[in-house]
Amino acid sequence: MASKVSPSCRLVFCLLISAAVLRPGLGWYTVNSAYGDTIVMPCRLDVPQNLMFGKWKYEKPDGSPVFIAFRSSTKKSVQYDDVPEYKDRLSLSENYTLSIANAKISDEKRFVCMLVTEDNVFEAPTLVKVFKQPSKPEIVNKAPFLETDQLKKLGDCISRDSYPDGNITWYRNGKVLQPVEGEVAILFKKEIDPGTQLSTVTSSLEYKTTRSDIQMPFTCSVTYYGPSGQKTIYSEQEIFDIYYPTEQVTIQVLPPKNAIKEGDNITLQCLGNGNPPPEEFMFYLPGQPEGIRSSNTYTLTDVRRNATGDYKCSLIDKRNMAASTTITVHYLDLSLNPSGEVTKQIGDTLPVSCTISASRNATVVWMKDNIRLRSSPSFSSLHYQDAGNYVCETALQEVEGLKKRESLTLIVEGKPQIKMTKKTDPSGLSKTIICHVEGFPKPAIHWTITGSGSVINQTEESPYINGRYYSKIIISPEENVTLTCTAENQLERTVNSLNVSANENREKVNDQAKLIVGIVVGLLLAALVAGVVYWLYMKKSKTASKHVNKDLGNMEENKKLEENNHKTEA
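The structure displayed is predicted, hence computed values, not measured ones.

## Side note on the pattern of salt bridges
Considering all chains together, one arrives at 25 salt bridges under this definition. Close ionic contact of Glu123 with Lys57 constitutes a salt bridge, the shortest N to O distance being 3.5 Å. With Glu123 in strand S10 (residues 121-131) and Lys57 in strand S4 (residues 51-59), this residue pair connects regions lying 66 residues apart in the sequence. Exposure class is identical for Glu123 and Lys57. Each is buried. Glu238 is paired through a salt bridge with Lys142; the nearest N and O atoms lie 3.1 Å apart. Taken together, the positions of Glu238 in strand S20 (residues 238-239) and Lys142 in the loop between strand S11 (138-140) and strand S12 (146-147) put the pair 96 residues apart, joining distant regions of the chain.

## Topic: the sheet that holds strand S17 (residues 199-208)
Spatially, the 4 strands line up as an open sheet ordered S11-S13-S17-S16, and their pairing is antiparallel. Strand pairing shows two members of the sheet lacking a second neighbour, S11 and strand S16 (184-192), which therefore form its edges. The sheet shows a mean angle of 25° between the axes of neighbouring strands, direction not considered. Note that S16 and S17 share 9 bridges and pair antiparallel. When the sheet's bridge partners are listed, Glu191 is paired in S17 with Thr200.

## A short note on the state of the cysteines
Every disulfide links exactly two cysteines, by a covalent bond between their sulfur atoms. Overall, the coordinates contain 5 disulfides when judged by the stated rule. The side chain of Cys157 participates in a disulfide bridge whose partner is Cys220; the two sulfur atoms lie 2.0 Å from each other. When the S-S torsion is 75°, as for the bridge of Cys157 with Cys220, the disulfide is right-handed. Within this pair, whereas Cys157 is found in strand S13 (residues 151-162), its partner Cys220 is found in strand S18 (residues 217-226), the two being separated by 63 residues in sequence. Assessed through its relative accessible area of 0%, Cys220 is described here as buried. Each sulfur of the disulfide joining Cys435 and Cys485 lies 1.9 Å from the other. Between Cys435 and Cys485, the S-S dihedral sits near -80°, and the bridge is therefore left-handed. Residue Cys435 is located in strand S38 (residues 431-440), and its partner Cys485 is located in strand S42 (residues 481-488); the two are separated by 50 residues in the primary sequence.

## Some words on the sheet that holds strand S26 (residues 292-294)
Strands sit in the order S26-S25-S28-S29 across an open sheet of 4 strands; the sheet is antiparallel. Lying at the two open borders of the sheet, with one neighbouring strand each, are S26 and strand S29 (322-327). This sheet shows a mean twist of 25° between the axes of neighbouring strands, independent of strand direction. Sheet topology places strand S25 (residues 281-284) next to strand S28 (residues 309-315); 4 bridges connect them, and they run antiparallel. Across the sheet, residue Tyr284 finds its bridge partner in S28, namely Lys312.

## Describing the packing of aromatic side chains
A full pass over the atoms with the stated rule returns 11 aromatic pairs. Measuring from ring centre to ring centre gives 5.8 Å for Tyr171 and Tyr234, while their planes differ by 50°; the resulting arrangement is tilted. With Tyr171 in strand S14 (residues 167-172) and Tyr234 in strand S19 (residues 229-234), this residue pair connects regions lying 63 residues apart in the sequence. When its relative accessible area of 11% is taken as the criterion, Tyr171 is described as buried. Each residue in the set Tyr58, Tyr86 and Phe111 is aromatic and connected to the rest through ring pairs, giving one cluster. Positioned above the aromatic ring of Phe145 is the side chain of Lys152, whose terminal nitrogen or guanidinium carbon lies 4.1 Å from the ring centre. Just above the ring of Tyr284 sits the side chain of Lys312; from NZ or CZ to the centre is 5.1 Å.

## Focus on the confidence of the model for the chain
In the predicted model, the chain carries a mean pLDDT of 84, and the fraction of residues at 70 or more is 84%. Low confidence marks residues 1-25, where pLDDT is under 50. Its contacts with residues over four positions away, or in another chain, come to 38 contacts. Confidence drops under pLDDT 50 across residues 505-515; counting only partners more than four residues distant or on other chains, this segment forms 9 contacts.

Criteria and cut-off values
- Residues numbered from 1 in each chain as written.
- Predicted model: local features only at pLDDT ≥ 70, side-chain atom pairs only at ≥ 80, totals over all residues.
- Heavy atoms only, no water.
- Salt bridge = Lys/Arg side-chain N within 4 Å of Asp/Glu carboxyl O.
- Helix = DSSP H or I, 4+ residues; strand = E, 2+ residues; numbered from the N terminus.
- Buried < 20%, exposed > 50% of the residue type's maximum accessible area, 1.4 Å probe, protein only.
- Pairing = 2+ DSSP bridges.
- Axes fitted to C-alpha atoms, helices over the stretch in contact; angles between N-to-C directions.
- Disulfide = S-S within 2.5 Å.
- Phe/Tyr/Trp six-rings, centres within 6.5 Å; stacked < 30°, edge-to-face > 60°.
- Lys NZ or Arg CZ within 6 Å of the ring centre and 35° of its normal.
- pLDDT = per-residue confidence, 0-100.
- Contact = heavy atoms within 4.5 Å.

See the structure below:
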């Protein structure tokens, strides 16, 4: 256990101090320590062999000593003086190194290590410096807004608990702000905590803003000295809301459109470039000299073509600060004459017109039964194929959704007209009777047969196209028959008949029989002639053979005679 130094020993030691000497070569030695750390001070003296004891003291501002620690060289015991500020904070090692825990600002003193022998006292001074890093600076008491062309307090930059004092600097967009008369004013204030001796520094900035300061960041920093030298800590950036008056008014149409058409809803929006922006405006509509007071928007619903014109808005208190825009409401009218359902008779004349009225050039398209026509229809003499559903469609290509269309359903009526034809089968045994009918509405066809005959195929009909179709009967008459075709629709009933003779079939059959007999007789005669010719040919062939043999015998006899004549001459 460390013990306290007795008063008598203290007196003896004080007498020895008068003879103390500073060891040559030992100058000022400084120990830097961070606030709250442990201060370690080596004695910096070589321990003499005849050492009696070692002792540490510090000096008061008036130079008087205060002893704080004692260590005997023989007993190896350590004693600490009754100094309240160092109670339980000191530690003295065997080599007389003194450690002070939990460094405080009050520890900034001149400490001296003393080694005492029987005949001398040696001293080594050490200067202790304590540093405390300040807290990160922050901008407080910020102005809710700044107004242009007015010198106004922007805020306070505060940095707490530092030692020694920190130095605060203000920045605008990263550039240092310096005091300027009437534009920048900086006030500095320092407070010291009586207990900790730590400083809190505050810098207040007054600043005259302009519109160029909009969205500009302001920061501050604190520069301080620590054990390793000078350092700087920066605050977070702050952007201030800057108020400035409106200098320009603009007007726009919402929602933005390339073109406005009849029936649209449009909203006029008026904006001022001030901050805060104006909340109310005066709106002036075409043909209305008196303005309408409203918020920054004014809505027109279901606009018509007469809404085309110039629109204007202005500030409530500054009518000359205004803006205007021109709005064109596009329109498209279509008139089809005739339209709806129209019924005409075949051969009638029907003029058709599609009239367009629009705010700009419009395209026109004609359709018939969903098929596009190359030109507009014109009917000088109606036919059944002219019937159908006609549509005249127009549009303004530059205006989305502006289209119009009208339709005409044309019905061409006509009483039934009949044409009958007859076709005989190549065999001659049957005939095909066709009843061609034309008319609208579609006539119904009925057949009537007068006389007897076999009906092979009755009432086969073709498709009804463009007011025309036919019905046919295939008949093999046994006697003269009359076929009657009746066509009837809502307009009229038409009848036509065709006589078919059975003799035509018999004559043709007889003619065919005669032809067959003639062919057979001809074939027999041809065979008889061929037989006679062949007999004559064979007879002539035998006679010719006999003459040939006789001629050959005479030639041999002549040859022998010549041979004999040659021998005689020889």
